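Each chain is listed here by its residues.
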Amino acid sequence: MPFGLKNAGATYQRLMNRIFHDLIGKTVEVYVDDILAKTTRPDDLLNDLARVFASLRQHGMRLNPLKCAFAMEAGKFLGFMITQRGVEANPEKCQAILQMKSPGCIKDVQRLAGRLTSLSRFLGASATKALPFFNLMKKGMAFEWTPACEEAFQHFKEILAAPPVLGKPRDGEPLYLYLAITSEALAAVLVREDGKTQQPVYFISRALQGAELRYSKLEKLALALLTSSRRLKQYFQSHQVVVRTDQGIRQVLQKPDLAGRMMTWSIELSQYDIRYEPRQAIKAQAMADFLVEVTGDPGEDMGTRWKLHVDGASNQTFGGAGIILESPIGVVYEQSVRFEFPISNNQAEYEALIGGLTLAAEVGARRLEVCSDSQVVTSQVNGSYQAKDPLLQKYLEKPGEGNRSLIQGMTREPAIALHIATLSSSWLDPITNFLEHGQVPGDEKDAAKLRREAAKYAVIQGQLFRKGLSQPLLKCLHPDQTDYVLKEVHEGCCGHHIGGKALARKLIRAGYYWPSMMADSKESGGNCRKDLIDEAREMAHLTETALKQRIALRYNTKVLKREFGPNDLVLRRNDIGPPTPGEGKLAANWEGPYRVKKVMGKGAFKLERLDGKEVPRTWNADNLRRFYS
């Protein structure tokens, strides 16, 4: 195959994937014409090589002996050194940087940047340290090798003098991801753990550009996670990835009312098996240095510096509150809460406090500083004032005891009067039971259908959500909740009546999912239309089925049913079989008689002549009529 063709590489790669389809990932790794045969035990080497050669012979391929090496304990593959310890940097590439002198022009800087890029997977926070280099390569910048550039250059030389060894993940083991950000760059490291030891698998680093520099700190962390999933897609697809962070990334990405880029990122990340847990101590020196370079001391307890601002107010008809929850890296939640029930000022302050404490507990804050402008509430909570009001005494007993989250920004009843109702079974139950407990119906077809359907849903904190496109998550409604939602949506329309189509769109925009209402909508706009595609397809199927039933019913009313039994004499239409010899156009329309030999069912019969000779094939009752002698 001539490799000068534009698509030669991709074509050859598909060919090699087909030849070694049963060995790739097990004992063989192939990249175009570079083949690596590996084995986990020395005793299996000959058997593994025999299978590789058998595949080559089967497809008529030949190897160049001068380019082959056997029984290697370490070797070069795709520019890296593969050893029993893991993946190591190519010593030749490392020496090329170690022997470089300080750049004296832009060309030298570009050459240095290219060499560092080829080794970036071994360099933690390389983009952060290389920012002085990047600034020199900007258009219109005069070249000046500053002390900061020289310090960064020497830093990379120190790392490449003894680069870390990257580990090879085992099948099925979880991998751990640490994230770090600065004002101008983001970084991440993927880690595998073997007992009490930690080994890096891959370092990722990228400079922020354009509008990314203006992102909030929490958005930058989410972008670091998204960048890691794109760069390390093969690891995210084949392993469970545990993100270790003390920040509220999970709570933000799983909020039902996301919008803009965070919604898009949440949808893209939802395809992977990602779990979140608090950041633990860093045991490996390579990762410790990585986090010190970017975030400071890795032993610093970032979970002890949360701050909560609450402010409640009320008037004669309803009340409201503002809740701002700050993490050590910035604002996590900023919510305006509306209380649609009569409420006093002190009660509104307590409601805001309870809601803020609930949110803080959800994001895992272990120490919280609460700021409130109400002297009465703060003094009662601190114990300086005594609560004589029976209602406020109940509020003092409530904080931290599992009140409802106020992420939706709306509450209809006070926290001290929560009502718990037992909901009847609905369409949500089979999906929820499958996602939480793996329960499937006994019938195989129903079980397969449930598995396909459940892939479109997610259970978050016991609540079923539909994965959407207009919003990342749509809250699934029980039949008992529809009256409340209808009332809320209608009130949002200023009391005017709206049809089923407009109501369906409003439900989606409000973050709700209700299949029976969605089925009534046949048009929608933008991503709302895409969210309704399953319901539109189901409605089209039901409409088609109903139409077929109506047509069949109308046809059957005009059909005269003809029932025949064995040995009945019948006549057969003359124009559906071969013509009777010698009759021509004046032949009779019906011929026979014939005897019914066997009833096949559903209007089909086997016939025979009066002499007992069977008539070929079966005959439909529409082409037969009874013979009267």
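Criteria and cut-off values
Per chain, residue numbering runs from 1 following the sequence as it is written. With the structure being a predicted model, the display of local features is reserved for residues of pLDDT at least 70 and the display and counting of side-chain atom pairs for 80 or more, all residues being used for whole-chain, interface and lining totals. The side-chain quantities take in all heavy atoms of the structure and omit both hydrogens and water. Each helix is a run of DSSP H or I of at least 4 residues and each strand a run of E of at least 2, with the numbering of both proceeding from the N terminus. Exposure categories follow from relative accessible area, calculated using a 1.4 Å probe and restricted to protein chains: below 20% of the type maximum is buried, above 50% is exposed, and the middle band is partly exposed. Note on contacts: a residue pair qualifies if any of its non-hydrogen atoms lie within 4.5 Å across the two residues. For the accessible areas, the method is Shrake-Rupley and the probe is 1.4 Å, while residue cover comes only from the protein chains on display. We define a salt bridge as a side-chain nitrogen of Lys or Arg found within 4 Å of a carboxyl oxygen belonging to Asp or Glu. Each pair of aromatic rings taken from Phe, Tyr and Trp, with Trp reduced to its six-membered ring, is defined by centres within 6.5 Å and is described as stacked if the planes are under 30 degrees apart, edge-to-face if over 60, and tilted in the remaining cases. To sit over a ring, a charge needs its Lys NZ or Arg CZ within 6 Å of the ring centre and within 35 degrees of the ring normal. The term polar contact refers here to a pair of N or O atoms within 3.5 Å; inside protein, the definition further demands a hydrogen-donor-capable atom paired with an acceptor-capable atom, and it admits residues adjacent in sequence only when both atoms are side-chain atoms. Here, nonpolar core means buried Ala, Val, Leu, Ile, Met, Phe, Trp, Tyr and Cys residues that are tied together by side-chain atoms lying within 4.5 Å of each other. We call two strands paired when DSSP finds no fewer than two bridges between them. Axes, fitted as lines to C-alpha atoms, cover a helix only where it is in contact. Angles between the N-to-C directions of the axes lie from 0 to 180 degrees. Each angle gets one of four labels, with under 35 degrees taken as roughly parallel, over 145 as roughly antiparallel, 65 to 115 as roughly perpendicular, and the rest as oblique. Polarity classes work like this: nonpolar for Ala, Val, Leu, Ile, Met, Phe, Trp, Tyr, Cys and Pro, charged for Asp, Glu, Lys and Arg, and polar for all others, with Gly in that last group. Confidence scores labelled pLDDT are given residue by residue by the predictor and lie between 0 and 100.

**Examining the overall build of the protein chain**
- Tallying secondary structure elements over the protein chain gives 22 helices and 24 strands in all.
- Sorting the 629 residues of the protein chain into buried and exposed places 39% on the buried side.
- Taking contacts inside the protein chain between residues at least 6 apart in sequence as the whole, the part at least 24 apart equals 58%.
- Surface exposure of the protein chain reaches about 36500 Å², of which carbon and sulfur atoms provide 52%.

**Observations concerning the pattern of salt bridges**
- Counted by the stated rule, this structure contains 19 salt bridges.
- Linking D44 and R41 is a salt bridge whose minimum nitrogen-to-oxygen distance equals 3.0 Å.
- Put simply, R170 and D194 hold a salt bridge, and the shortest N to O gap is 3.9 Å. Residue R170 is located in the loop between α7 (147-161) and β6 (175-181), and its partner D194 is located in strand β7 (residues 185-194); the two are separated by 24 residues in the primary sequence.

**Digging into the packing of aromatic side chains**
- Evaluated as defined, the whole model comprises 5 aromatic pairs.
- Measuring from centroid to centroid gives 5.6 Å for F564 and F605, while their planes differ by 75 degrees, and the two rings are edge-to-face. On the criterion of sequence distance, the pair formed by F564 in the loop between α22 (533-557) and β20 (569-573) and F605 in strand β22 (residues 604-608) is long-range, its members being 41 residues apart. Accessibility assignment for this pair places F564 and F605 in one class, buried.
- Of note, R244 hangs over the ring of Y176, and the distance from its end group to the ring centre comes to 4.0 Å.

**Points about the side chain of N574**
- Within the secondary structure, N574 sits in the loop between β20 and β21 (590-601).
- A polar atom in the side chain of N574 sits 2.9 Å from the backbone oxygen of A588.

**What to know about the nonpolar core**
- In terms of nonpolar packing, the biggest core is built from 32 residues, with L177, L179, L190, L225, F236, I249 and L253 touching the most fellow members.
- Here this core gets 7 residues from one element, more than from any other, and that element is helix α8 (residues 217-231).
- Apart from the residues within four sequence positions on either side, L177 is in contact with A188, V189, L190, L225, S228, F236, V241, V242, V243 and R244.
- Core analysis: the next-biggest nonpolar cluster, separate from the first, contains 28 residues, V109, L116, F122 and V242 among them.

**Overview of the sheet that holds strand β5 (residues 87-88)**
- On the basis of which strands lie adjacent, the open sheet formed by 3 strands has the order β3-β4-β5 and antiparallel pairing. Two strands in the sheet have a free side with no partner beyond their single neighbour: β3 (75-77) and β5.

**Observations regarding the packing of helix α16 (residues 428-437) against helix α17 (residues 444-454)**
- The N-to-C vectors of α16 and α17 enclose an angle of 80 degrees; their axes lie 10 Å apart at closest approach. Of the possible angle classes, the one that applies to α16 and α17 is roughly perpendicular. Of the residues in α17, those touching α16 at P430, I431, F434 and L435 are L450, R451, E453 and A454.
- Among the residues forming the contact of α16 with α17, the class breakdown is 6 nonpolar, no polar and 2 charged.

**Some points on the confidence of the model for the protein chain**
- Taken over all residues, the pLDDT of the protein chain has a mean of 76, while the share at 70 or more is 76%.
- Confidence drops under a pLDDT of 50 for residues 399-410, and excluding neighbours within four residues, the segment shows 37 contacts in the predicted structure.
- Every residue in residues 492-498 scores below 50 in pLDDT, and together they form 9 contacts with partners more than four places removed in sequence or on other chains.

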